[in-house]
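A structural walkthrough
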Amino acid sequence: MFTAQLSKNASRCAALLRPLKASLTSQLGRPFSSSVADDTTSLTIETSVPFISSVIDPPSRSAETTPKELLSFFRSMAVMRRMEIAAGSLHEAKLIREFCHLYVGQEAIAVGMEAAITRNDNLITSYRDHCIYLARSGELVAAFAEMIGRKDGCSGGKSGSMHFYKKDGGFYGGHGIVDAQIPLGCGLAFAQKYLKEDNVTFTLYGDGTANQGQWFEALNMAELWDLPAVFVCENNHYGMGTADRRATKSTAYYKRGDYVPGLKILFIKATVHPRLITLS
Amino acid sequence: MSDSSFSYHSLRRRPNLRSSITGQVSESARGMSRILLQRVARGGAAASSFRHLQNVTRAYSSAAKEMTVRDALNSALDEEMAADPRVFLMGEEVGEYQGAYKISKGLLEKYGPERVIDTPITEAGFAGIGVGAAYKGLRPIVEFMTFNFAMQAIDQVINSAGKSNYMSAGQLPVSIVFRGPNGAAAGVGAQHSQCYAAWYSSCPGLKVLSPYSSEDARGLLKAAIRDPDPVVFLEHELVYGDSFPVSAEALDPNFCLPIGKAKIEQQGKDVTITAFSRMVGYALKAAEVLAKEGISAEVINLLSIRPLDRATINESVRKTNRLVTVEEGFPQHGVGAEICASVVEESFEYLDAPVERIANADVPMPYATNLERMAVPQVEDIVRAAKRACYRSVPMAATA
């Protein structure tokens with residue numbers, strides 16, 4: 001999914017990615033083999049950690065994939081990781097001003113979701129949006145330009161790190177006030193139902209956000225009106241600097257929907273295997 | 001919008017059809033008939049004896065139709081929902097209850113529960129849902145039972161609706177209308193009486209409109225629904241039941257008033273009085289009182305608080321040289337403060353007296369009737385301020 005964009009910006013991206021290819025090659029002990037990159041033999045992979053669920057049967061731990069697909073996942077995640085590390089350096093050098101929220105360690109969520117959904121499905125998140133933007137067909141150079149505040153940025157340099165948008169990729173931002181994106185995501189789902197689109201909206205939020213009031217309001221209305229909305233909690237165990245057990249009485253975030261009858265919740269630990277099972 | 005500007009300008013040339021046709025009706029009599037008509041509309045012991053007068057004056061008018069503000073808003077909602085399937089209405093009690101103030105009466109039966117949606121008491125949630133739906137090109141009308149409750153959702157109004165178009169470099173325009181009653185009702189206490197015009201009008205990205213008459217309500221609400229930007233539409237509970245004459249142009253389904261244009265309700269040459277919403281009625285009454293004392297007041301109905309029609313206000317002040325601003329909101333950082341600054345910046349040499357601001361008393365709205373009357377601007381306050389601006393009165397105590 002990434003290779004098409006990278007080849008388009010090859011001249012600009014080559015400098016960024018040269019160290020990546022070299023380091024990967026040395027770790028693998030052999031150069032990238034084109035046969036692996038094109039290998040479409042079917043593989044069955046089991047997740048290393050079982051799924052935990054509430055009110056729903058957990059999905060199967062095994063999934064079908066191919067080496068080509070796995071390598072594309074890895075490449076995407078590696079690009080995301082390198083981008084975030086570079087962004088961190090730019091932030092320390094004060095070239096990225098004020099807020100710069102990094103997605104390091106969470107790449108699997110973005111890549112895994114993208115593998116299971118389509119461009120017509122919508123996605124919305126809070127301010128930790130660099131990698132979601134890339135996953136939704138955003139461009140690497142546009143992302144960096146926006147972070148640094150240049151007019152070639154994806155928002156014209158007007159919003160910065162927290163407000164990437166890619167409407168034609170089905171990505172609706174990029175929101176600085178955490179928890180605001182949850183009703184907004186329900187609104188996207190509402191519109192999909194209103195317009196009779198056969199698609200879903202994924203609303204991403206963090207463990208810190210899960211305590212805010214709008215979350216409960218939106219969840220109630222989503223279930224009341226049967227909206228095609230999937231809420232994804234990216235639990236990195238910290239809300240800014242506060243550990244989740246200091247901010248949340250019950251850190252079993254996946255059990256919160258128990259109070260809303262009919263809601264089905266899935267708890268997927270961050271895993272090497274990025275496939276997300278969509279809920280019907 | 002060429003049709004709407006034609007309609008608007010034709011209205012401006014004929015601010016009152018009765019007087020233009022009869023030619024002889026004096027200003028005070030015209031104002032008197034307006035007050036009488038309002039009394040008649042509300043009924044009461046004197047209504048029947050005034051009906052005779054109403055019929056007499058009506059015989060001279062060709063635009064005989066009267067409409068309450070409530071019906072004007074209802075008809076605007078109805079016509080816009082019929083014209084565009086993307087328009088839907090969402091809010092507390094808008095559907096089965098027929099509207100908390102009956103503004104959305106009959107719409108659920110006509111358009112069904114998919115387009116007229118009763119929400120739980122979750123302002124932040126449903127305002128956000130409205131904005132999210134607007135991201136995908138729908139045209140929501142989000143009703144707040146009053147704008148006091150909209151404070152629960154103000155983040156969605158300002159940060160999500162108001163700023164998204166700018167932050168996304170144009171990818172996400174938000175064509176939404178947030179509407180509901182604003183300002184003081186009667187006896188509802190401090191937490192249910194605030195005017196939020198100044199709050200929303202300070203935010204770039206939003207448009208803020210506030211109608212007074214039925215024609216204003218129809219024209220501005222239609223313009224708001226058709227506008228591609230988020231609009232905060234401030235109505236007034238105590239004006240919903242008031243009846244105003246509506247012209248044939250105003251009844252046209254495509255009748256829109258231009259956003260950003262104020263209306264001169266009454267020409268004058270001695271002092272300019274600006275007002276919006278219910279205070280326009282008070283300003284007009286004050287103008288009648290002043291006319292008896294030989295002061296000719298020009299009353300401007302702002303209609304659009306953001307964008308503010310600075311050109312019309314300044315042009316008027318350059319003519320009269322004196323300004324009184326009237327609003328229901330609190331005085332500090334209010335609409336009057338902005339108008340005063342605008343006039344000082346652009347027309348300082350033309351001012352013959354300091355600008356007078358009439359606003360709600362700087363205190364949470366009291367409940368007791370006599371205290372509430374002292375807190376909300378009254379006609380006497382406007383008259384006193386206008387006379388002060390004209391150097392006609394002796395300086396009085398702090399409450400003057």
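Residues numbered from 1 in each chain as written. Chains lettered and ligands numbered in written order. Predicted model: local features only at pLDDT ≥ 70, side-chain atom pairs only at ≥ 80, totals over all residues. Heavy atoms only, no water.

Observations concerning the pattern of salt bridges
Residue and element names in this part refer to chain B. This model, assessed by the stated rule, comprises 26 salt bridges over all chains. Here Arg218 and Glu79 are joined by a salt bridge, their closest N and O atoms 3.0 Å apart. Taken together, the residues span a long stretch of sequence, with Arg218 in helix α10 (residues 214-226) and Glu79 in helix α5 (residues 69-83) at a distance of 139 residues. The buried category is assigned to Arg218, whose relative accessible area is 0%. Taking the shortest distance from any N to any O, the salt bridge between Arg278 and Glu328 comes out at 4.0 Å. With Arg278 in helix α11 (residues 278-292) and Glu328 in the loop between β13 (323-326) and α13 (335-347), this pair connects stretches of sequence that are 50 residues apart. (Salt bridge = Lys/Arg side-chain N within 4 Å of Asp/Glu carboxyl O. Helix = DSSP H or I, 4+ residues; strand = E, 2+ residues; numbered from the N terminus. Buried < 20%, exposed > 50% of the residue type's maximum accessible area, 1.4 Å probe, protein only.)

With respect to the sheet that holds strand β4 (residues 139-143) of chain B
Residue and element names in this part refer to chain B. Judged by pairing direction, the sheet is mixed, and its seven strands sit side by side in the order β3-β2-β4-β5-β7-β6-β12 without closing on themselves. Strands with a single pairing partner mark the edges of an open sheet, and in this sheet they are β3 (116-118) and β12 (304-306). Averaged over all pairs of adjacent strands, the angle between strand axes in this sheet comes to 20°, irrespective of strand direction. By the bridge criterion, three bridges tie strand β2 (residues 87-91) to β3 in an arrangement that is parallel. Paired with Gly91 across the bridge in β3 is Asp118. (Pairing = 2+ DSSP bridges. Axes fitted to C-alpha atoms, helices over the stretch in contact; angles between N-to-C directions.)

Re the environment of Glu107(A)
All names here are of chain A. Checked against the element boundaries, Glu107 lands in helix α5 (residues 107-116). Residues Glu107 and Glu223 lie 116 residues apart in sequence; the distance between their C-alpha atoms is 29 Å. If sequence neighbours within four positions are ignored, Glu107 has contacts with Met77, Met80 and Arg81. (Contact = heavy atoms within 4.5 Å.)

As for the UniProt feature "domain: Transketolase-like pyrimidine-binding" (unreviewed entry) in chain B
UniProt annotation of "domain: Transketolase-like pyrimidine-binding" (unreviewed entry) refers to residues 67-242 of chain B when read in the numbering used here. The annotated region residues 67-242 of chain B carries 37% helix and 16% strand content, and the separation between its end C-alpha atoms amounts to 8 Å. (UniProt positions renumbered as here; feature names shortened; annotations may be inferred.)

Some points on the sheet that holds β13(B)
Residues and elements named next belong to chain B. Strand order in this open sheet of five strands is β9-β11-β10-β13-β14, and the pairing throughout is mixed. Edge positions in the open sheet fall to β9 (263-266) and β14 (356-358), since each of these has one partner strand only. On average, each strand axis in the sheet is inclined to that of its neighbour by 25°, with strand direction left out of account. Sheet topology note: the β9/strand β11 (residues 297-301) ladder contains three bridges and is antiparallel. Counterpart to Gln266 in the pairing with β11 is Val299.

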